[in-house]
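Listed here are the chains, written in short residue letters.
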Amino acid sequence: MLTYLGAAAALLVVIALAVPLGLLRASLPRLDGELHEVGLKAPVRITRDGLGVPTVEAANRFDLAYGTGFVHGQDRFFQMDLARRLAGGELAELFGQVALDQDRKTRLFRLRSVAHEVLAQATEPQRALLEAYARGVNAALASLRSRPWEYWILGVPPSSWQPEDTVLVTYAMWWDLQSEDWGYERLRQEVNARLGGPECGGGWKCALGFLYPERTEWDAPVGTETPVLPAELPPPEALNIRDAHPAPATHAPKAAGRTPELDTRAGSNNWAVTGRLTATGAALVANDMHLNLRVPAVWYRARLRVSGEEGAGGPALDLIGATLPGAPLLVVGSNTHIAWGFTNSAGNWMSVTRVPCTAVGADNLTTAAGSQALTVVHERIRVKGAADAELEVRSGPGGVLWQAEPERQSCWFIGWLAQQPEATNLNLMGLERLATVAEALALAPEVGIPHENFVVGDRDGHIGWSIYGRIPNSSGPARALGKVEWTTAADHPHLIDPPRGRIWTANARVSVDAGELALIGGADASYGANYVLGARARQIRTDLFGLAGNEKPADMLHVQLDDRALFLTRWRELLLHLIDAASARAHPERAEFRRLVEAWDARAGVDSVGYRLVRSFREQTQEAAWDMVIEALGIPPEYDVGPPAQFESPLWQMVSRQPPHLLAREYADWPAFLGAQLDAVIADLRHECRELARCTWGKRNVVRVRHPLSGALPALAGFLDMPPLELPGDTHMPRVQQVAFGASERFAVSPGHEEEGYFLLPGGQSGHPLSPFYRSGFLAWAHGEPQPFLPGPAQHTLTLVPK
């Protein structure tokens, strides 16, 4: 009897596993053969190479959009769905209450309604292209023998793709790149208010210019300029931490076991080298966009071709590089005439306004000057497994009411350029048929995307930079509000063929022109805009000028993988000075710390102990120093989103020049403060590693690239996620690499010489875990092993035939 029961139980287990496995297999896309599809004018041929990279060939641009939608729908539909739902504030419809808070944040901006307006103002060919793309996506869904596997897990069917959803995917990128800036802008305004405002005298900008410097000694713009000297220390009458009331208290070293969070504002890299310095004579363009890493990868490699002969022969259109699932165009890569890449511009593209309110009503708020009317729109958020949620979106002259705190007499309003329908469009597609850098720069003022540093090079060796993204021609604080006038080719920031033959961007200042900087930074231009520290850009510049000419793509990969710790060198010297002979004798654990720091190899390598120790000390010191500032000014803790990226410069002035008035009173002097931070780091690392000598950087920098559903399905995490790996790299160096943040792609290519280029993605082409293309390419990306820029020989061929 027990034998039969055991056999029956085993059979039930097999059936229970076989049913979902069968559904999982049924949702794999078809890669070979012939499918008859409605909506095509001519056949579309889709080949895939050994990595699953498709080449889509069509007779016209509209059928090419259809084919692009088809491969995106086959391989990445769930990813596309999450992107449109993120922007539209519609994730709770899939995930229930757990996603409701996120939906409320994005629904405030009513981006689906804005997307309708964007679509309405598009040209007729652009709308036709989006419609063809949507038909291709939906045809791919219909071609599957079962719904995409994620929807079986979630217990809901997928919703069809609509043309406006492509606009929402663009808004998801707006959100990813710019939504964190609001908190930093509010904090800056709070700091300014407590320092007395810009009207106070002394030329110190009330110490705001010290804490938020416009330029730092780390800056490395492309244009030549006088080296930037460190900011002067503010006098006690401008900023006095030691005599602050109440005295700072909570900035003391944190409990053992706490490790500073890794920085995910590290941005991206791109650069271009003029043809006179390359092996081919064509320009050489490199790009690695740093984003949150996830499964599947953010980008989707493809080659998109329209057949037909041009005057000189060859395909009428040949686009190679990275597409964004959800959009029918090439984002970065080459059209064989020009090559281009992007990094976040780090400009100021919103208006954050504080209104001193004392009460908030249904359609008004009360201020000392009287009542201020608000317009109200009621939004309904669908919630899986629960009643719909209602959201009242209130707006005033300052934009959308973001946060209401009448108890603090603060109502915060946000105006964001993404809410302007004219700020988003499909004009990026104009790059497809351009042949020169000059033409690409002329297009810049008309391109409506989240604002990016655009770096471009052409076959003839020219290189250029501009901002791709529409820029208001005003630099005032309200420039994102009301009717916006935009820059034109006459005043839009740009640079072409600099004398030194190289252009680089890394989310720091590129231009040295005051007018261009004002257009990019807006009202915050004099406070560093949202630029990251220039250390990474400086190291890239050093690497590029260190090359001997005759440069090739392999040289660019060497720069992208540079993990030297140049930025931390002065912090290592500070540590060695701090742990002098007397300190080492009195504190044996400090002596061990010093020994390990002395032995560092000056790289963020996986086996480096010294790097991790120096980095941890700097992070601990920065947090403690910033806490002293914030608490002395009485900033509410919930407003504190951390120091600005440029804080390294004032921080170094504090710890190196050691002014008594910028030190909290519970420390006798600056050496006591620094010693306390050192001891806190030692306690933290001993708690985590047991022994300092075992605290390698690799153990801290374990890269985990995860599927969005693996957290809810821990038993399947090993099946869904990429393998966790210890990887080199960090923030202030070209090889940006953190736990779930890093290069979302890496490539280098000369237009017209694509066969010599390389392209790397942190994951495979397919979003299906049973696909052979699910993990293909991940290990090559992790280890920096170049893979060809062009797709390889066809392994699969699928033809879409008009029905």
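Model, not experiment: these values are computed from the prediction.

A. A look at the state of the cysteines. Throughout the structure, instances matching the rule amount to two disulfides. In this model, C689 is linked to C695 through a disulfide, with the two sulfur atoms separated by 2.0 Å. Between C689 and C695 the sulfur-sulfur dihedral comes to about 115 degrees; the bridge is accordingly right-handed. Pair check on accessibility: C689 and C695 agree, each one buried.

B. Inspection of empty space enclosed by the protein at higher detail. Under the counting rule described, the total for this entry stands at eight cavities of 30 Å³ or more. If you add up the space inside the largest cavity, you get close to 130 Å³. Q74, D75, F77, E150 and G767 are the residues nearest the centre of the largest cavity, which is lined by 17 residues in total. When residues of the lining of the largest cavity are traced back to their parent elements, those giving at least two are α2 (61-88) and α7 (149-154). Looking at the lining of the largest cavity, the element that brings in the most residues is α2, giving seven residues. When grouped by side-chain class, the residues that make up the lining of the largest cavity number seven nonpolar, seven polar and three charged.

C. Fine view of the side chain of E745. Note on placement: E745 falls in the loop between β26 (741-743) and β27 (746-749). Notably, E745 is buried but unbridged: the nearest opposite-charge side chain belongs to R746, and the N-O separation is 8.1 Å. At a separation of 2.7 Å, a polar atom in the side chain of E745 contacts the main-chain amide nitrogen of M289. Leaving out residues up to four positions away in the same chain, E745 has contacts with N287, D288, M289, W299, F759, L760, L761 and P762.

D. Summary view of the sheet that holds strand β12 (residues 357-360). Spatial strand order, β12-β13-β14: three strands in an open sheet with antiparallel pairing. The strands lining the two open edges of the sheet, one partner per strand, are β12 and β14 (370-373). On average, each strand axis in the sheet is inclined to that of its neighbour by 30 degrees, with strand direction left out of account. Pairing between strand β13 (residues 364-367) and β14: four bridges, direction antiparallel. Bridge pairing in β14 places N364 opposite A373.

E. Highlighting the pairing of strand β2 (residues 44-48). Within β2, four of the five residues are buried, which leaves the element mostly enclosed by the surrounding structure. In this sheet, strand β29 (residues 796-802) lies alongside β2 in antiparallel orientation, the contact comprising five bridges. Residue pairing across strands places T47 opposite T797, the latter belonging to β29. With four bridges joining them, β2 and strand β3 (residues 54-58) adopt antiparallel strand pairing. Looking at β3, one finds that I46 is bridged to V56. From the end of β2 to the start of β3, which pair antiparallel, there are five residues, and G52 there has a positive phi angle of about 85 degrees.

F. Structural context of the packing of α2 against helix α4 (residues 100-107). For the pair α2 and α4, interaxial distance at closest approach is 7 Å and the crossing angle is 65 degrees. Residues R85, L86, A87 and G88 of α2 form the contact with α4, whose participating residues are Q102, D103, T106 and R107. In terms of residue class, the contact of α2 with α4 is built from two nonpolar, three polar and three charged.

G. Spotlight on helix α5 (residues 111-121). Here α5 has its buried residues at L111, V114, A115, V118 and L119. Buried residues in α5, looked at end-on, bunch into an arc of 145 degrees, giving them a common side. Contacts made by the buried residues of α5 are with α2, α6 (124-143), α8 (163-178) and β18 (410-416).

H. Geometry of the nonpolar core. Counting 238 residues, the largest nonpolar core has Y171, Y468 and F593 as its most contacted members. It is helix α18 (residues 609-633) that provides the largest number of residues to this core, a total of 13 residues. When neighbours within four sequence positions are excluded, Y171 is seen to be in contact with A87, L111, V114, A115, V118, A418 and T424. Membership of the second largest hydrophobic core comes to seven residues, among which are V355, C357, C411 and F413.

I. How the structure looks around the sheet that holds β18. Taken together, the five strands give an open sheet; going across it, the order is β11-β18-β17-β16-β15, and neighbouring strands pair in antiparallel fashion. Strand pairing shows two members of the sheet lacking a second neighbour, β11 (350-355) and β15 (375-381), which therefore form its edges. When the angles between neighbouring strand axes are averaged without regard to direction, this sheet yields 35 degrees. Inspection of the sheet shows β15 paired to strand β16 (residues 389-396) by seven bridges, in the antiparallel sense. Considered in β16, the bridge of V376 is made with R394. Across the sheet, helix α9 (residues 181-194) is in contact with β11, β17 (399-405) and β18; its angle to β11 comes to roughly 45 degrees.

J. Quick look at the confidence of the model for the protein chain. In this model, the protein chain carries an average pLDDT of 91, and 92% of its residues clear a pLDDT of 70 or more. Below pLDDT 50 for its whole length, residues 1-19 participates in one contact with residues either more than four positions away or in separate chains. This stretch, residues 198-205, has a pLDDT under 50; its non-local contacts, to residues over four places away or in other chains, come to 11 contacts.

About the criteria used
- Residues numbered from 1 in each chain as written.
- Predicted model: local features only at pLDDT ≥ 70, side-chain atom pairs only at ≥ 80, totals over all residues.
- Heavy atoms only, no water.
- Disulfide = S-S within 2.5 Å.
- Buried < 20%, exposed > 50% of the residue type's maximum accessible area, 1.4 Å probe, protein only.
- 1 Å grid on protein atoms, 1.4 Å probe; cavity = no way out; pocket = protein on both sides within 12 Å on 5 of 7 lines; lining within 4 Å.
- Points joined across faces, edges and corners; volume = space filled by probe spheres on them.
- Helix = DSSP H or I, 4+ residues; strand = E, 2+ residues; numbered from the N terminus.
- Nonpolar A, V, L, I, M, F, W, Y, C, P; charged D, E, K, R; others polar.
- Lys, Arg positive; Asp, Glu negative; His and termini not counted.
- Salt bridge = Lys/Arg side-chain N within 4 Å of Asp/Glu carboxyl O.
- Polar contact = N/O pair within 3.5 Å; in protein donor to acceptor, adjacent residues only side chain to side chain.
- Contact = heavy atoms within 4.5 Å.
- Pairing = 2+ DSSP bridges.
- Axes fitted to C-alpha atoms, helices over the stretch in contact; angles between N-to-C directions.
- Arc of directions from axis to C-beta.
- Core = buried A, V, L, I, M, F, W, Y, C linked by side-chain atoms within 4.5 Å.
- pLDDT = per-residue confidence, 0-100.

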